[in-house]
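# A structural walkthrough
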Amino acid sequence: MRFALLSDIHANLQALDACLAHARAQKAQRFVFLGDMVGYGADPGAVVDRIMLLTEEGAMAIKGNHDAMAINPPAEVKTVGDSSAAWTNRQLNTTQKDWITNLPLTLHDDSVLFVHASANEPHLWRYVYDQRAARASMDAAVQWPGVRYVFGGHVHFQTLYYRGAGDSLMHFTPQPGVAVPVPRHRQWLSTVGSVGQPRDGNIHAMYCIFDTDRAQLTFHRVPYDHYAAANAIRRIGLPEFFAARLEDGR
């Protein structure tokens, strides 16, 4: 099976469509959406509709923190993410809200665990941003029988960790388009990056392909019309920071 793993779309319809087209060209057989479909971007309803339709065709989806906030916006705005939650809530119809509400926080498929943030108490949305956090997530994943791979998003970077000899944890920096062997006898954790809001100085969208038959993971960067996505944000009056971030990738 060739899974296309997409996370942190953040209502960026242009980036989502580009990644879906790229994944289909890579012969992806099943899409998996790892949360944060909305928040920050201009097209939450259209993005949710795209993903809802794909789930009817066999795709899988889980809930992220921004999805949860869009259903129950915080009463007090403390972060830039909070500032778009109430607006996003108003853009979603009842069907879309009900669908998001009923999404799980994790999905377990054979040897693979999908989670938006950390497998260590997924509802707390812990960031897996270093080896210590990766170890905590991998340790927590043992509660799901047979799991060898943990895939998530949340941090907006593409990373890969694995357990080496003597239970040591190793960090690997992936290169776009280069297949990485991920043999099942080891335990692996990857954050697949952000489709809709890259933050590493590269404006290109991120996603990855996991080939279970070959035990390979390939990280991709995909160009898209980021100016159109940024200008859509400006037209609807969301904070300029959200638009500028798409234009500089930070």
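Structure: above.
So, a few notes on the structure that sits alongside this text. Computed from a prediction, not measured in an experiment: that's the story for all the values here. (Residues numbered from 1 in each chain as written. Predicted model: local features only at pLDDT ≥ 70, side-chain atom pairs only at ≥ 80, totals over all residues. Heavy atoms only, no water.)

### Describing the side chain of Thr88
Within the secondary structure, Thr88 sits in helix H4 (residues 80-91). The class of Thr88 is buried, set by a relative accessible area of 2%. (Helix = DSSP H or I, 4+ residues; strand = E, 2+ residues; numbered from the N terminus. Buried < 20%, exposed > 50% of the residue type's maximum accessible area, 1.4 Å probe, protein only.)

### Quick notes on the pairing of strand E12 (residues 216-222)
Taking burial as the measure, the seven residues of E12 include six buried ones, the bulk of the element. Bridging between strand E9 (residues 179-181) and E12 involves three bridges; their strand directions are antiparallel. Paired with Pro181 across the two strands is Gln216, which belongs to E12. Direction of pairing for strand E11 (residues 205-211) relative to E12: antiparallel, over a ladder of seven bridges. From the neighbouring strand, Phe210 faces E12, where its bridge partner is Leu217. The antiparallel pairing of E11 with E12 creates a hairpin that spans four residues between the two strands, and Ala215 there sits at a positive phi of about 55°. (Pairing = 2+ DSSP bridges.)

These figures come from the coordinates and say nothing about function on their own.
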